[in-house]
Amino acid sequence: MMMNEGTPAISIDRLTKRYGQTLAVESLSLSVPQGTIFGLLGTNGAGKTTTFKCMLGLARPSEGSVSFEGRPLTPPLFERLAYVPEKCALYEWMTGAQLLEMQRRSFSRYDDKRANELMDLFALDRKKKLGKFSKGQQTAMALVLAFSIHPEILVLDEPAAGLDPVHQRHVLDLIIGESAGGATVVFSSHQIGQVERAAERVAIMHQGTLRLAGEVEQLKSDLKVVEATFDTDAPSLNGLSAEPSVGQIQRAGRLVRVYVKGNGDEIARKIGDMHPRSVRILDQNLEDIFLTTVGSSGSAMAADVAGASGR
Amino acid sequence: MPSIFTVDPHSGVPIYLQLIEQVKRSVALGVLTPGEQLPTVKQLALDLTINANTVGRVYRELERDGVIETSPGRGSFVRDNGGVGRATRAASDVAAAALDTAVREAKSIGIAADDAIALFRKALARWYPGSHDMENR
């Protein structure tokens, strides 16, 4: 493939990973455009960490492939790529200063001034043994290493886990700043609000498969809920379920909620003709969209949108 | 320095729509004056802790709408000619949309047209205290 503007920074093609009988990731396809921030969401066990490991060659895919800038991952790329794993294994007997020195010797792009600014930002003690660091401080140390080499591609697995709210905000600022400078960032987080702020594209995984992918702003524009109340029990609305824009329909006595793709005007008008007592169109934030997507009812609509915008 | 803009990233309303409306409102109200420079894309993204490409999209759309102009290497500025007029018209569009939502809400909970007009008069009297003739009409 020719390298050009349109070549994604990272491209995952039908990735499957089995551990014995367990299917950790099943036929996952994703593409991360260059210079964007990509958020990966999912409940525990959704397959996010396995996906990261397969991306970075730390686990061998059972099927499918991952490419960076159109090519397989090769050693030269490690100079320009930074990975912060969910569980950071730092040398416990080393001090922060010693670890920075090791980073300086290993990476030609290492920026000592930047590294020291970041040590101060996260209030990390250079003389303390890493084994004495709290979990949050170890994550912060791993972030200092990652951002000290001015990476072009950043892969961050739960980068804000264990950090206090102020340091969590610093992590977001670092991600946003690095991306504004042209870097590509993929990160996972259980804090949907962080993904909502920083990411322009998002993928929601559940039980090893991709359930929804797209631009955050587009998903918010495109996914609405039409809520109506009736004087007596809500009508069945069976006619509506055939509409292509309609996902799940929830009924509770006099109340009915219809999950729609699009702005909801058309469905609101149709329900309006059924003499409801009230009709309104509700926006959905990313948390609402996430919960609907991984919910037990696993809406058909969400799968539909993933199919349309997953590539 | 605190940003003059605020957005609610957790709202179901896309951030870029919120920000476009805020910039237009600021220009219409004179918080931003013609010729005034806007923060760089990166600076505003960091000030608000939001995606920089989202801010970039906001600036492109504001430029297309004739509210700001961007010159490469210099930055983005509120347009000297016509920027305020366009922003003011856009801001009144926002008011019209809000009023439309209010009327739809009133209708959807079964308020009769005459009662809706009475509600509207009451709101007018509250926010336009000097204009008695409006109530007497």
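Nothing here was measured: the structure is a model prediction, and the numbers come from that model.

Calculation rules
Residues numbered from 1 in each chain as written. Chains lettered and ligands numbered in written order. Predicted model: local features only at pLDDT ≥ 70, side-chain atom pairs only at ≥ 80, totals over all residues. Heavy atoms only, no water. Buried < 20%, exposed > 50% of the residue type's maximum accessible area, 1.4 Å probe, protein only. Helix = DSSP H or I, 4+ residues; strand = E, 2+ residues; numbered from the N terminus. Pairing = 2+ DSSP bridges. Axes fitted to C-alpha atoms, helices over the stretch in contact; angles between N-to-C directions. Contact = heavy atoms within 4.5 Å. pLDDT = per-residue confidence, 0-100. Buried area = accessible area lost by both parts, 1.4 Å probe. Salt bridge = Lys/Arg side-chain N within 4 Å of Asp/Glu carboxyl O. Core = buried A, V, L, I, M, F, W, Y, C linked by side-chain atoms within 4.5 Å.

### Some details on the pairing of strand β8 (residues 201-206) of chain A
Residue and element names in this part refer to chain A. Most of β8 sits inside the fold, with six of its six residues counted as buried. Residues Arg201, Ala203 and Met205 line one face of β8 and the alternating positions Val202, Ile204 and His206 line the opposite face, and both faces are buried. Of the pairings in the sheet, the one linking β8 to strand β9 (residues 209-215) comprises six bridges and is antiparallel in character. When the sheet's bridge partners are listed, Arg201 is paired in β9 with Glu215. The antiparallel hairpin formed by β8 and β9 contains two residues in its connecting segment, where Gln207 sits at a positive phi of about 50 degrees.

### What about the sheet that holds strand β2 (residues 22-32) of chain A?
Residues and elements named next belong to chain A. The three strands are arranged β2-β1-β4 in an open sheet whose pairing can be described as antiparallel. What marks the edges here is a single partner per strand, and that holds for β2 and β4 (63-68). Ignoring strand direction, the axes of neighbouring strands in this sheet form an average angle of 20 degrees. Of the pairings in the sheet, the one linking strand β1 (residues 10-19) to β2 comprises seven bridges and is antiparallel in character. Bridge pairing links Arg18 to Leu23 in β2. Contacts from helix α1 (residues 48-55) reach β1, β2 and β4 within the one sheet, and its direction differs from that of β1 by about 115 degrees.

### Details of the confidence of the model for chain B
Residue and element names in this part refer to chain B. Here chain B averages 86 in pLDDT, and 93% of its residues register 70 or above. Within chain B, no element has a lower average pLDDT than helix α6 (residues 132-136), which sits at 52, and none a higher one than helix α3 (residues 52-64), at 95. For this predicted complex, the interface score ipTM comes out at 0.82, alongside a pTM of 0.85.

### Things to note about the interface of chain B and chain A
With 23 residues of chain B at the contact, the number on the chain A side is 26 residues. Summing both sides of the interface, chain B and chain A together bury roughly 2,000 Å²; the carbon and sulfur share of this comes to 47%. The largest contributions to the chain B side of the interface with chain A come from His10(B), Thr49(B) and Asn51(B), which together make up 28% of the buried area. Across the contact surface, chain B and chain A share zero salt bridges.

### Here we look at the nonpolar core
Side chains of a nonpolar character, in soluble globular proteins, are inclined to be buried together. Within the largest apolar cluster, 74 residues are counted, with the highest numbers of intra-cluster contacts made by Phe122(A), Met141(A), Phe147(A), Leu156(A) and Leu19(B). Tallying contributions element by element places helix α5 (residues 135-147) of chain A first for this core, with eight residues. Ignoring sequence-local partners within four residues, the contact set of Leu19(B) consists of Phe5(B), Val7(B), Leu44(B), Leu48(B), Ile50(B), Val55(B) and Val58(B). By size, the runner-up hydrophobic cluster in this structure holds 26 residues, among which are Leu30(A), Leu77(A), Val186(A) and Ala213(A).

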